[in-house]
Amino acid sequence: MINSTKALRNRKTLGSERWKKETKSRRDRQAMAGATSVAGSGSKKRKWKRVNVAMEGVSETADHVAPIVGYFPSGFDPHGHANGDPNIKVFRNKRRPNRLELVVSPSDSSVDFVGRSYAGEAAVPQICNYAVGVLDKESQTLKIVPIASNKILRLEPRLKGNSLLETEVSEGLAEESVGTNKVERKVRELTLMYGTKKDRDSDKRWKSFFSQRNDASTDEHINSINHETDEGNDVLEDAVESIPRNIPPHDLSADTPDKAYHLDEIIPIIERDDLFDILEALESGTDISSKSYPTFVYNRRHKLREIKDQKEKGELACILSYISHLCHFWDRQKHEHFEHLKIPRASYQNFTRTFLDPNSIKLTAEKKELMIGYILVLTLFVDSFQTDPTDIAKDLKMTTMSLKPYFVQLGCKGKHVFNKPTIWNLTAPLRLPEIIKTSRRNK
(Lines give C-alpha, C1' and ligand atoms only; values in the text may rest on other atoms or scores of the structure.)
Protein backbone atom coordinates (compact mmCIF):
# COMPACT_ATOMS: atom_id res chain seq x y z
CA MET A 1 0.00 0.00 0.00
CA ILE A 2 2.90 2.42 0.81
CA ASN A 3 4.71 1.59 -2.43
CA SER A 4 1.65 2.31 -4.56
CA THR A 5 1.18 5.72 -2.88
CA LYS A 6 4.80 6.72 -3.62
CA ALA A 7 4.45 5.67 -7.24
CA LEU A 8 1.33 7.83 -7.60
CA ARG A 9 3.12 10.86 -6.14
CA ASN A 10 6.10 10.37 -8.49
CA ARG A 11 3.70 10.18 -11.47
CA LYS A 12 1.98 13.47 -10.51
CA THR A 13 5.36 15.20 -10.07
CA LEU A 14 6.53 14.12 -13.55
CA GLY A 15 3.24 15.30 -15.09
CA SER A 16 3.46 18.79 -13.56
CA GLU A 17 7.07 19.21 -14.73
CA ARG A 18 6.12 18.19 -18.29
CA TRP A 19 3.22 20.71 -18.29
CA LYS A 20 5.58 23.53 -17.16
CA LYS A 21 8.05 22.75 -19.96
CA GLU A 22 5.31 22.75 -22.64
CA THR A 23 3.89 26.06 -21.38
CA LYS A 24 7.33 27.71 -21.42
CA SER A 25 8.07 26.55 -24.97
CA ARG A 26 4.59 27.82 -26.17
CA ARG A 27 5.32 31.27 -24.69
CA ASP A 28 8.72 31.39 -26.39
CA ARG A 29 7.16 30.61 -29.81
CA GLN A 30 4.52 33.34 -29.38
CA ALA A 31 7.16 35.93 -28.42
CA MET A 32 9.24 35.09 -31.51
CA ALA A 33 6.19 35.36 -33.78
CA GLY A 34 5.30 38.78 -32.30
CA ALA A 35 8.79 40.11 -32.85
CA THR A 36 8.72 38.97 -36.48
CA SER A 37 5.38 40.68 -37.19
CA VAL A 38 6.57 43.96 -35.63
CA ALA A 39 9.68 43.92 -37.74
CA GLY A 40 7.70 43.24 -40.92
CA SER A 41 5.08 45.91 -40.23
CA GLY A 42 7.70 48.51 -39.48
CA SER A 43 8.87 48.40 -43.09
CA LYS A 44 5.29 49.05 -44.43
CA LYS A 45 4.12 51.54 -41.84
CA ARG A 46 1.70 54.12 -43.27
CA LYS A 47 2.14 57.78 -42.40
CA TRP A 48 -1.10 59.48 -41.39
CA LYS A 49 -1.61 63.16 -42.02
CA ARG A 50 -3.27 65.04 -39.20
CA VAL A 51 -6.00 67.48 -40.19
CA ASN A 52 -7.63 69.84 -37.72
CA VAL A 53 -11.29 70.45 -38.65
CA ALA A 54 -14.19 72.22 -36.99
CA MET A 55 -17.35 70.10 -36.66
CA GLU A 56 -20.86 71.54 -36.67
CA GLY A 57 -24.08 69.58 -36.11
CA VAL A 58 -27.05 70.98 -38.07
CA SER A 59 -30.49 70.21 -36.65
CA GLU A 60 -33.87 70.66 -38.34
CA THR A 61 -35.71 73.87 -37.49
CA ALA A 62 -38.60 75.82 -38.92
CA ASP A 63 -36.26 77.60 -41.37
CA HIS A 64 -33.98 74.67 -42.14
CA VAL A 65 -35.15 71.25 -43.34
CA ALA A 66 -32.96 68.19 -43.11
CA PRO A 67 -31.85 66.80 -46.50
CA ILE A 68 -34.18 64.50 -48.40
CA VAL A 69 -32.67 61.66 -50.43
CA GLY A 70 -34.60 60.26 -53.37
CA TYR A 71 -33.58 57.35 -55.54
CA PHE A 72 -34.99 55.95 -58.78
CA PRO A 73 -35.55 52.17 -58.67
CA SER A 74 -36.41 52.24 -62.39
CA GLY A 75 -32.89 53.33 -63.37
CA PHE A 76 -33.91 56.80 -64.58
CA ASP A 77 -31.02 59.28 -64.81
CA PRO A 78 -32.29 62.80 -64.01
CA HIS A 79 -29.08 64.49 -65.13
CA GLY A 80 -28.87 62.55 -68.38
CA HIS A 81 -32.07 64.09 -69.77
CA ALA A 82 -31.55 65.86 -73.06
CA ASN A 83 -33.79 68.84 -72.22
CA GLY A 84 -32.07 69.88 -69.03
CA ASP A 85 -32.41 69.19 -65.34
CA PRO A 86 -35.83 68.19 -63.96
CA ASN A 87 -38.04 70.36 -61.80
CA ILE A 88 -37.91 69.32 -58.12
CA LYS A 89 -40.61 70.24 -55.59
CA VAL A 90 -41.19 69.29 -51.96
CA PHE A 91 -44.72 69.34 -50.46
CA ARG A 92 -45.50 69.34 -46.75
CA ASN A 93 -48.82 68.31 -45.19
CA LYS A 94 -50.64 71.23 -43.53
CA ARG A 95 -52.07 69.16 -40.69
CA ARG A 96 -49.17 66.73 -40.25
CA PRO A 97 -45.88 68.53 -40.91
CA ASN A 98 -43.88 65.29 -40.68
CA ARG A 99 -45.50 64.06 -43.92
CA LEU A 100 -43.58 65.10 -47.02
CA GLU A 101 -43.77 64.40 -50.74
CA LEU A 102 -40.89 64.75 -53.17
CA VAL A 103 -41.98 65.30 -56.79
CA VAL A 104 -39.41 65.18 -59.59
CA SER A 105 -40.83 66.38 -62.94
CA PRO A 106 -38.59 65.82 -65.97
CA SER A 107 -39.00 68.48 -68.63
CA ASP A 108 -41.04 67.54 -71.72
CA SER A 109 -42.23 64.31 -70.11
CA SER A 110 -45.67 62.97 -69.20
CA VAL A 111 -44.36 61.18 -66.10
CA ASP A 112 -43.67 62.51 -62.60
CA PHE A 113 -41.59 60.65 -60.04
CA VAL A 114 -43.22 60.89 -56.61
CA GLY A 115 -41.77 59.80 -53.27
CA ARG A 116 -43.80 59.81 -50.03
CA SER A 117 -42.49 59.84 -46.48
CA TYR A 118 -45.72 58.32 -45.08
CA ALA A 119 -46.19 55.34 -47.40
CA GLY A 120 -44.17 52.52 -48.93
CA GLU A 121 -40.61 51.87 -47.82
CA ALA A 122 -40.38 55.12 -45.81
CA ALA A 123 -43.27 54.03 -43.57
CA VAL A 124 -41.55 50.78 -42.57
CA PRO A 125 -39.76 50.95 -39.20
CA GLN A 126 -35.98 51.41 -39.65
CA ILE A 127 -33.23 50.60 -37.17
CA CYS A 128 -30.40 52.32 -39.06
CA ASN A 129 -29.32 55.95 -38.81
CA TYR A 130 -28.02 57.90 -41.81
CA ALA A 131 -26.05 61.13 -42.16
CA VAL A 132 -24.42 63.18 -44.92
CA GLY A 133 -20.94 64.51 -44.30
CA VAL A 134 -19.44 67.41 -46.34
CA LEU A 135 -15.68 68.05 -45.92
CA ASP A 136 -14.29 71.37 -47.10
CA LYS A 137 -10.50 71.05 -47.28
CA GLU A 138 -9.88 74.73 -47.91
CA SER A 139 -11.75 75.96 -44.85
CA GLN A 140 -11.04 72.69 -42.99
CA THR A 141 -14.67 72.27 -41.91
CA LEU A 142 -16.74 69.10 -41.76
CA LYS A 143 -20.53 69.39 -41.72
CA ILE A 144 -22.48 66.29 -40.70
CA VAL A 145 -26.21 66.49 -41.38
CA PRO A 146 -28.40 63.65 -40.06
CA ILE A 147 -31.01 62.09 -42.35
CA ALA A 148 -34.03 60.38 -40.86
CA SER A 149 -35.03 56.99 -42.23
CA ASN A 150 -38.32 58.39 -43.57
CA LYS A 151 -36.42 61.01 -45.60
CA ILE A 152 -34.99 58.38 -47.97
CA LEU A 153 -37.78 58.21 -50.53
CA ARG A 154 -38.40 55.74 -53.33
CA LEU A 155 -39.42 57.74 -56.42
CA GLU A 156 -42.21 55.92 -58.23
CA PRO A 157 -43.40 56.99 -61.71
CA ARG A 158 -46.85 58.60 -61.90
CA LEU A 159 -48.67 59.77 -65.02
CA LYS A 160 -49.44 63.46 -65.29
CA GLY A 161 -53.04 64.53 -65.77
CA ASN A 162 -54.52 61.51 -63.99
CA SER A 163 -57.44 62.92 -62.01
CA LEU A 164 -57.33 60.14 -59.41
CA LEU A 165 -53.63 60.66 -58.78
CA GLU A 166 -54.00 64.43 -58.66
CA THR A 167 -56.69 63.96 -56.01
CA GLU A 168 -54.30 61.76 -54.07
CA VAL A 169 -51.51 64.36 -54.12
CA SER A 170 -53.50 67.56 -53.55
CA GLU A 171 -56.33 66.47 -51.27
CA GLY A 172 -54.15 63.93 -49.50
CA LEU A 173 -51.67 66.65 -48.50
CA ALA A 174 -54.12 69.45 -47.78
CA GLU A 175 -57.07 67.64 -46.22
CA GLU A 176 -55.54 64.31 -45.18
CA SER A 177 -58.48 62.33 -46.56
CA VAL A 178 -59.30 60.74 -49.91
CA GLY A 179 -62.06 58.27 -49.10
CA THR A 180 -65.10 58.58 -46.95
CA ASN A 181 -63.46 56.76 -44.03
CA LYS A 182 -60.10 55.53 -42.79
CA VAL A 183 -60.38 52.03 -44.25
CA GLU A 184 -61.26 53.27 -47.71
CA ARG A 185 -58.37 55.75 -47.70
CA LYS A 186 -55.84 53.09 -46.77
CA VAL A 187 -57.15 50.70 -49.41
CA ARG A 188 -56.98 53.43 -52.04
CA GLU A 189 -53.40 54.35 -51.11
CA LEU A 190 -52.26 50.73 -51.29
CA THR A 191 -54.00 50.29 -54.65
CA LEU A 192 -52.34 53.37 -56.10
CA MET A 193 -48.90 52.27 -54.90
CA TYR A 194 -48.89 48.52 -55.43
CA GLY A 195 -52.06 47.68 -57.37
CA THR A 196 -52.14 46.47 -60.96
CA LYS A 197 -53.48 48.55 -63.83
CA LYS A 198 -56.71 46.54 -63.75
CA ASP A 199 -57.25 47.34 -60.06
CA ARG A 200 -56.52 51.04 -60.55
CA ASP A 201 -58.93 51.27 -63.50
CA SER A 202 -61.60 49.41 -61.54
CA ASP A 203 -61.12 51.75 -58.58
CA LYS A 204 -61.49 54.76 -60.86
CA ARG A 205 -64.73 53.39 -62.39
CA TRP A 206 -66.11 52.62 -58.93
CA LYS A 207 -65.37 56.15 -57.70
CA SER A 208 -67.25 57.70 -60.63
CA PHE A 209 -70.16 55.31 -60.11
CA PHE A 210 -70.34 56.10 -56.38
CA SER A 211 -70.26 59.85 -57.02
CA GLN A 212 -73.18 59.55 -59.44
CA ARG A 213 -75.28 57.74 -56.86
CA ASN A 214 -74.60 60.40 -54.22
CA ASP A 215 -75.63 63.40 -56.27
CA ALA A 216 -77.30 66.53 -54.96
CA SER A 217 -80.78 65.52 -56.13
CA THR A 218 -81.15 63.14 -53.17
CA ASP A 219 -80.38 65.89 -50.66
CA GLU A 220 -82.84 68.23 -52.37
CA HIS A 221 -85.57 65.60 -52.12
CA ILE A 222 -84.96 65.09 -48.40
CA ASN A 223 -84.91 68.85 -47.78
CA SER A 224 -88.22 69.26 -49.61
CA ILE A 225 -89.80 66.54 -47.43
CA ASN A 226 -88.55 68.24 -44.27
CA HIS A 227 -89.99 71.54 -45.44
CA GLU A 228 -93.38 70.01 -46.14
CA THR A 229 -93.62 68.38 -42.70
CA ASP A 230 -94.06 71.78 -41.10
CA GLU A 231 -97.33 72.50 -42.91
CA GLY A 232 -99.67 70.14 -41.07
CA ASN A 233 -100.53 66.68 -39.92
CA ASP A 234 -101.58 65.48 -43.38
CA VAL A 235 -98.23 66.38 -44.88
CA LEU A 236 -96.51 64.77 -41.90
CA GLU A 237 -98.15 61.44 -42.64
CA ASP A 238 -97.05 61.62 -46.29
CA ALA A 239 -93.49 62.30 -45.21
CA VAL A 240 -93.53 59.33 -42.82
CA GLU A 241 -94.61 57.07 -45.69
CA SER A 242 -91.66 58.33 -47.78
CA ILE A 243 -89.06 57.53 -45.12
CA PRO A 244 -86.47 55.20 -46.69
CA ARG A 245 -86.70 51.66 -45.38
CA ASN A 246 -83.72 49.60 -44.31
CA ILE A 247 -84.08 47.17 -47.22
CA PRO A 248 -82.39 46.81 -50.63
CA PRO A 249 -83.37 49.19 -53.49
CA HIS A 250 -86.95 48.43 -54.53
CA ASP A 251 -89.91 49.62 -56.59
CA LEU A 252 -93.37 49.62 -54.99
CA SER A 253 -95.08 50.06 -58.36
CA ALA A 254 -93.49 47.01 -60.01
CA ASP A 255 -95.97 44.54 -61.48
CA THR A 256 -93.65 41.48 -61.48
CA PRO A 257 -91.45 40.06 -58.69
CA ASP A 258 -88.26 40.31 -60.77
CA LYS A 259 -88.74 44.09 -60.98
CA ALA A 260 -89.74 44.59 -57.35
CA TYR A 261 -86.08 44.75 -56.29
CA HIS A 262 -83.44 46.38 -58.49
CA LEU A 263 -80.86 43.70 -59.21
CA ASP A 264 -78.56 46.15 -61.06
CA GLU A 265 -78.25 48.25 -57.90
CA ILE A 266 -77.87 45.28 -55.57
CA ILE A 267 -75.09 43.84 -57.77
CA PRO A 268 -73.48 46.77 -59.65
CA ILE A 269 -72.61 46.05 -63.26
CA ILE A 270 -68.99 47.13 -62.75
CA GLU A 271 -68.48 44.23 -60.31
CA ARG A 272 -69.91 41.44 -62.47
CA ASP A 273 -66.71 40.77 -64.43
CA ASP A 274 -65.25 39.14 -61.30
CA LEU A 275 -68.33 37.02 -60.45
CA PHE A 276 -68.01 34.14 -62.93
CA ASP A 277 -65.79 31.89 -60.81
CA ILE A 278 -68.51 29.27 -60.20
CA LEU A 279 -69.52 29.13 -63.86
CA GLU A 280 -65.90 28.85 -65.04
CA ALA A 281 -65.24 26.04 -62.58
CA LEU A 282 -68.27 24.06 -63.72
CA GLU A 283 -67.57 24.59 -67.42
CA SER A 284 -63.98 23.41 -66.96
CA GLY A 285 -65.26 20.13 -65.51
CA THR A 286 -64.13 20.70 -61.91
CA ASP A 287 -66.89 20.56 -59.34
CA ILE A 288 -66.90 23.24 -56.62
CA SER A 289 -66.01 22.29 -53.06
CA SER A 290 -68.60 22.34 -50.28
CA LYS A 291 -65.97 23.83 -47.94
CA SER A 292 -65.32 26.84 -50.17
CA TYR A 293 -68.94 27.85 -50.80
CA PRO A 294 -72.02 28.34 -48.60
CA THR A 295 -74.55 25.55 -48.28
CA PHE A 296 -77.17 27.53 -50.21
CA VAL A 297 -74.85 27.99 -53.20
CA TYR A 298 -73.48 24.44 -53.13
CA ASN A 299 -76.96 22.86 -53.11
CA ARG A 300 -78.06 24.94 -56.10
CA ARG A 301 -75.08 24.55 -58.40
CA HIS A 302 -77.08 22.08 -60.51
CA LYS A 303 -79.27 24.94 -61.77
CA LEU A 304 -76.35 26.28 -63.81
CA ARG A 305 -76.18 22.99 -65.72
CA GLU A 306 -79.93 22.93 -66.36
CA ILE A 307 -80.17 26.45 -67.87
CA LYS A 308 -79.55 26.57 -71.63
CA ASP A 309 -79.78 30.33 -72.18
CA GLN A 310 -76.29 31.81 -71.77
CA LYS A 311 -77.59 35.19 -70.57
CA GLU A 312 -79.72 33.64 -67.81
CA LYS A 313 -76.89 31.29 -66.89
CA GLY A 314 -74.43 34.19 -66.54
CA GLU A 315 -76.88 36.18 -64.41
CA LEU A 316 -77.52 33.22 -62.11
CA ALA A 317 -73.76 32.59 -61.77
CA CYS A 318 -73.21 36.24 -60.73
CA ILE A 319 -75.96 36.00 -58.10
CA LEU A 320 -74.60 32.76 -56.63
CA SER A 321 -71.07 34.14 -56.52
CA TYR A 322 -72.30 37.37 -54.92
CA ILE A 323 -74.14 35.39 -52.23
CA SER A 324 -70.88 33.53 -51.53
CA HIS A 325 -68.94 36.76 -51.10
CA LEU A 326 -71.64 38.25 -48.87
CA CYS A 327 -71.59 35.17 -46.61
CA HIS A 328 -67.79 35.33 -46.55
CA PHE A 329 -67.93 39.00 -45.52
CA TRP A 330 -70.53 38.08 -42.88
CA ASP A 331 -68.19 35.43 -41.42
CA ARG A 332 -65.32 37.91 -41.32
CA GLN A 333 -67.35 40.37 -39.28
CA LYS A 334 -68.30 37.55 -36.90
CA HIS A 335 -64.56 36.66 -36.59
CA GLU A 336 -65.19 33.17 -37.92
CA HIS A 337 -62.52 31.82 -40.27
CA PHE A 338 -63.37 29.13 -42.77
CA GLU A 339 -62.05 28.10 -46.14
CA HIS A 340 -63.39 30.77 -48.49
CA LEU A 341 -62.51 32.17 -51.88
CA LYS A 342 -61.04 35.65 -52.10
CA ILE A 343 -63.53 38.51 -52.29
CA PRO A 344 -62.91 40.75 -55.34
CA ARG A 345 -61.55 44.13 -54.37
CA ALA A 346 -64.42 46.13 -55.94
CA SER A 347 -67.01 44.00 -54.13
CA TYR A 348 -65.14 44.27 -50.83
CA GLN A 349 -65.08 48.08 -51.07
CA ASN A 350 -68.80 48.06 -51.85
CA PHE A 351 -69.50 45.87 -48.81
CA THR A 352 -67.41 48.16 -46.61
CA ARG A 353 -69.29 51.28 -47.73
CA THR A 354 -72.74 49.69 -47.57
CA PHE A 355 -72.67 47.46 -44.48
CA LEU A 356 -70.04 48.91 -42.13
CA ASP A 357 -70.58 51.96 -39.97
CA PRO A 358 -68.18 54.70 -41.18
CA ASN A 359 -67.33 55.78 -37.63
CA SER A 360 -66.85 52.48 -35.80
CA ILE A 361 -66.05 50.39 -38.93
CA LYS A 362 -68.21 47.62 -37.50
CA LEU A 363 -71.38 45.77 -38.45
CA THR A 364 -73.99 47.58 -36.36
CA ALA A 365 -77.51 46.27 -35.73
CA GLU A 366 -78.97 48.50 -38.44
CA LYS A 367 -76.33 47.46 -40.98
CA LYS A 368 -76.76 43.82 -40.01
CA GLU A 369 -80.47 44.08 -40.82
CA LEU A 370 -79.68 45.63 -44.20
CA MET A 371 -77.08 42.96 -45.06
CA ILE A 372 -79.47 40.10 -44.24
CA GLY A 373 -82.05 41.81 -46.48
CA TYR A 374 -79.58 41.85 -49.39
CA ILE A 375 -78.79 38.15 -48.97
CA LEU A 376 -82.45 37.09 -48.69
CA VAL A 377 -83.46 39.06 -51.78
CA LEU A 378 -80.74 37.33 -53.81
CA THR A 379 -81.90 33.92 -52.57
CA LEU A 380 -85.39 34.81 -53.83
CA PHE A 381 -83.96 35.55 -57.28
CA VAL A 382 -82.18 32.17 -57.34
CA ASP A 383 -85.26 30.18 -56.26
CA SER A 384 -87.67 31.98 -58.60
CA PHE A 385 -89.10 34.02 -55.69
CA GLN A 386 -90.17 30.93 -53.70
CA THR A 387 -87.36 30.00 -51.32
CA ASP A 388 -86.78 27.55 -48.51
CA PRO A 389 -84.74 29.36 -45.82
CA THR A 390 -83.14 26.23 -44.34
CA ASP A 391 -79.83 26.45 -46.23
CA ILE A 392 -79.32 30.20 -45.93
CA ALA A 393 -80.21 30.08 -42.22
CA LYS A 394 -77.41 27.54 -41.77
CA ASP A 395 -74.95 29.81 -43.60
CA LEU A 396 -75.92 32.84 -41.47
CA LYS A 397 -75.76 30.79 -38.23
CA MET A 398 -79.44 31.56 -37.60
CA THR A 399 -82.70 29.62 -37.37
CA THR A 400 -85.54 29.68 -39.87
CA MET A 401 -87.81 31.25 -37.25
CA SER A 402 -85.32 34.07 -36.59
CA LEU A 403 -85.37 34.92 -40.33
CA LYS A 404 -89.15 35.39 -40.34
CA PRO A 405 -89.18 39.14 -39.47
CA TYR A 406 -86.62 39.81 -42.20
CA PHE A 407 -88.76 38.11 -44.86
CA VAL A 408 -91.84 39.98 -43.63
CA GLN A 409 -89.95 43.27 -43.85
CA LEU A 410 -89.12 42.48 -47.49
CA GLY A 411 -92.81 42.03 -48.30
CA CYS A 412 -92.79 38.20 -48.49
CA LYS A 413 -95.64 35.90 -47.51
CA GLY A 414 -95.08 32.59 -45.77
CA LYS A 415 -96.70 29.33 -46.89
CA HIS A 416 -96.94 26.78 -44.09
CA VAL A 417 -96.78 23.06 -44.84
CA PHE A 418 -97.20 20.38 -42.19
CA ASN A 419 -93.85 19.01 -40.90
CA LYS A 420 -91.94 21.16 -43.41
CA PRO A 421 -90.24 24.55 -43.16
CA THR A 422 -92.11 27.65 -44.24
CA ILE A 423 -91.77 28.59 -47.92
CA TRP A 424 -91.48 32.35 -48.45
CA ASN A 425 -93.01 33.86 -51.61
CA LEU A 426 -92.44 37.30 -53.08
CA THR A 427 -95.41 38.75 -54.94
CA ALA A 428 -95.97 41.95 -56.88
CA PRO A 429 -96.79 44.70 -56.27
CA LEU A 430 -94.83 44.88 -53.04
CA ARG A 431 -96.83 45.19 -49.84
CA LEU A 432 -94.40 46.27 -47.18
CA PRO A 433 -95.40 46.41 -43.50
CA GLU A 434 -96.51 49.77 -42.21
CA ILE A 435 -94.04 51.94 -40.32
CA ILE A 436 -95.44 52.57 -36.86
CA LYS A 437 -94.49 56.05 -35.72
CA THR A 438 -94.33 56.23 -31.96
CA SER A 439 -94.59 59.57 -30.18
CA ARG A 440 -92.84 60.32 -26.93
CA ARG A 441 -94.76 61.50 -23.88
CA ASN A 442 -94.27 65.06 -22.85
CA LYS A 443 -92.54 65.14 -19.54
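Going by what an unreviewed UniProt entry lists, the chain is known as DNA-directed RNA polymerase I subunit rpa49 and is assigned to Zingiber officinale. What UniProt states about the chain under its Sequence similarities (unreviewed entry) heading is, verbatim, "Belongs to the eukaryotic RPA49/POLR1E RNA polymerase subunit family." UniProt annotates the chain under Subcellular location (unreviewed entry) with the comment "Nucleus, Nucleolus".

(A) Quick look at the overall build of the chain. For the chain, the helix and strand inventory stands at 16 helices and 12 strands. For the chain, the proportion of its 443 residues judged to be buried stands at 33%. Across the chain, every contact between residues at least 6 apart in sequence was considered, and the portion connecting residues at least 24 apart equals 61%. In the form shown here, the chain has an accessible surface area of approximately 29,500 Å², with 52% of it arising from carbon and sulfur atoms.

(B) Up close: the nonpolar core. In terms of nonpolar packing, the biggest core is built from 56 residues, with Tyr261, Leu378 and Leu403 touching the most fellow members. Tyrosine 261 has contacts with Ile247, Pro248, Pro249, His250, Ile266, Val377, Phe381, Leu410, Leu426, Leu430 and Leu432, leaving out every residue within four places of it along the chain. Counting 7 residues, the second largest nonpolar core, distinct from the first, contains Val104, Phe113, Ala122 and Leu155.

(C) Examining helix α14 (residues 365-382) more closely. With 18 residues, α14 extends 26 Å from end C-alpha to end C-alpha; this agrees with the ideal 26 Å at 1.5 Å per step. Taken across its 18 residues, α14 has 13 buried, putting it largely inside the fold.

(D) Structural view of the sheet that holds strand β10 (residues 386-387). Pairing within the open sheet is antiparallel, and its 3 strands lie in the order β10-β12-β11. Edge positions in the sheet fall to β10 and β11 (412-417), since each has one partner strand and no second. Bridge count for β10 against strand β12 (residues 420-426) is 2 bridges, and the pairing is antiparallel. Opposite glutamine 386, over in β12, you have asparagine 425 as the bridge partner.

(E) Representation of the sheet that holds strand β9 (residues 156-159) within the structure. A sheet is described by the order of its strands in space; here 4 strands give the open sequence β3-β4-β5-β9, paired in antiparallel fashion. With partners counted over all chains shown, the strands left at the sheet margins are β3 (87-92) and β9, one partner each. Going across the sheet, the axis of each strand differs from the next one's by a mean of 30 degrees, ignoring polarity. Bridging between strand β4 (residues 100-105) and strand β5 (residues 111-116) involves 4 bridges; their strand directions are antiparallel. Across the sheet, valine 103 pairs through a bridge with valine 114, a residue of β5.

(F) Broad picture of unusual backbone geometry. Note that the residue after alanine 428, namely proline 429, is joined by a cis bond; omega there is -5 degrees. Locating proline 429 in the fold gives a position in the segment after β12. One non-glycine residue, glutamine 140, lies in the positive phi region at around 55 degrees. Considering the arrangement of structural elements, one finds glutamine 140 in the loop between β6 (130-136) and β7 (141-147). Among the residues examined, glutamine 140 registers a relative accessible area of 38% and is labelled partly exposed.

(G) Up close: a nonpolar patch on the surface. Judged by side-chain polarity, Val51, Val53, Met55, Leu135 and Ile144 come together as a nonpolar surface patch covering roughly 450 Å² of accessible area. Note that methionine 55 resides in strand β1 (residues 54-57). Given the relative accessible area of 61%, methionine 55 is considered exposed.

(H) Layout of the packing of aromatic side chains. On inspection of all chains with the given rule, the structure shows 8 aromatic pairs. By way of ring pairs, the aromatic residues Tyr322, Phe329, Tyr348, Phe351, Phe355 and Tyr374 are connected into one cluster. Stacked on the ring of tyrosine 298, the Lys or Arg arginine 301 has its end atom at 3.9 Å from the ring centre.

(I) Helix α13 (residues 345-355), seen in detail. Judged by how many residues are buried, α13 sits mostly within the fold: 9 of 11 residues are covered. Ala346, Ser347, Gln349, Asn350, Phe351, Thr352, Arg353, Thr354 and Phe355 are the residues of α13 that are buried.

(J) Quick look at the packing of helix α12 (residues 310-333) against α14. For the pair α12 and α14, the least separation of the axes is 10 Å and the interaxial angle reads 155 degrees. With respect to α14, the axis of α12 lies roughly antiparallel. Here α12 runs over α14; the crossing is left-handed. Contact residues: α12 offers Leu316, Ile319, Leu320, Tyr322, Ile323, Leu326, Phe329 and Trp330, while α14 offers Lys368, Met371, Ile372, Ile375, Leu378, Thr379, Phe381 and Val382.

(K) Expanded view of the side chain of threonine 191. Within the element layout of this structure, threonine 191 appears in helix α3 (residues 182-194). By relative accessible area, which is 7% here, threonine 191 ends up buried. Not counting residues within four places of it along the chain, the set of residues in contact with threonine 191 comprises Asp199, Arg200 and Arg345.

(L) Inspection of the pattern of salt bridges at higher detail. In this structure the tally under the stated criterion is 9 salt bridges. Here arginine 300 ties to aspartate 383 by a salt bridge, and the two come within 2.9 Å at their closest N and O atoms. Of this pair, arginine 300 sits in the loop between α10 (295-298) and α11 (302-306) while aspartate 383 is found in the loop between α14 and β10, placing the two residues 83 residues apart along the sequence. Judged by relative accessible area, arginine 300 falls into the buried class, the value being 9%. Residue aspartate 383 is classed as buried on the basis of its relative accessible area of 10%. Ionic contacts of the salt-bridge type, sharing partners, join the residues Arg300, Lys303, Asp383 and Asp391 into one network.

(M) Quick peek at the side chain of aspartate 112. In this structure, aspartate 112 sits in strand β5. Judged by its relative accessible area of 16%, aspartate 112 is buried. Side-chain polar atoms of aspartate 112 contact the side chain of serine 105, separated by 3.0 Å. Those residues in contact with aspartate 112 that sit more than four places away from it in its chain are Val103, Val104, Ser105, Glu156, Pro157, Arg158 and Lys160.

Conventions and cut-offs
- Residues numbered from 1 in each chain as written.
- Predicted model: local features only at pLDDT ≥ 70, side-chain atom pairs only at ≥ 80, totals over all residues.
- Heavy atoms only, no water.
- UniProt positions renumbered as here; feature names shortened; annotations may be inferred.
- Helix = DSSP H or I, 4+ residues; strand = E, 2+ residues; numbered from the N terminus.
- Buried < 20%, exposed > 50% of the residue type's maximum accessible area, 1.4 Å probe, protein only.
- Contact = heavy atoms within 4.5 Å.
- Areas by Shrake-Rupley, 256 points an atom, 1.4 Å probe, with all protein chains shown as cover.
- Core = buried A, V, L, I, M, F, W, Y, C linked by side-chain atoms within 4.5 Å.
- Expected span 1.5 Å × (residues − 1).
- Pairing = 2+ DSSP bridges.
- Axes fitted to C-alpha atoms, helices over the stretch in contact; angles between N-to-C directions.
- Patch = residues over 30% accessible without salt bridge, like charges linked within 9 Å, V, L, I, M, F, W, Y side chains within 5 Å.
- Salt bridge = Lys/Arg side-chain N within 4 Å of Asp/Glu carboxyl O.
- Phe/Tyr/Trp six-rings, centres within 6.5 Å; stacked < 30°, edge-to-face > 60°.
- Lys NZ or Arg CZ within 6 Å of the ring centre and 35° of its normal.
- Parallel < 35°, antiparallel > 145°, perpendicular 65-115°, else oblique.
- Left-handed = near helix turned anticlockwise from the far one by under 90°.
- Polar contact = N/O pair within 3.5 Å; in protein donor to acceptor, adjacent residues only side chain to side chain.

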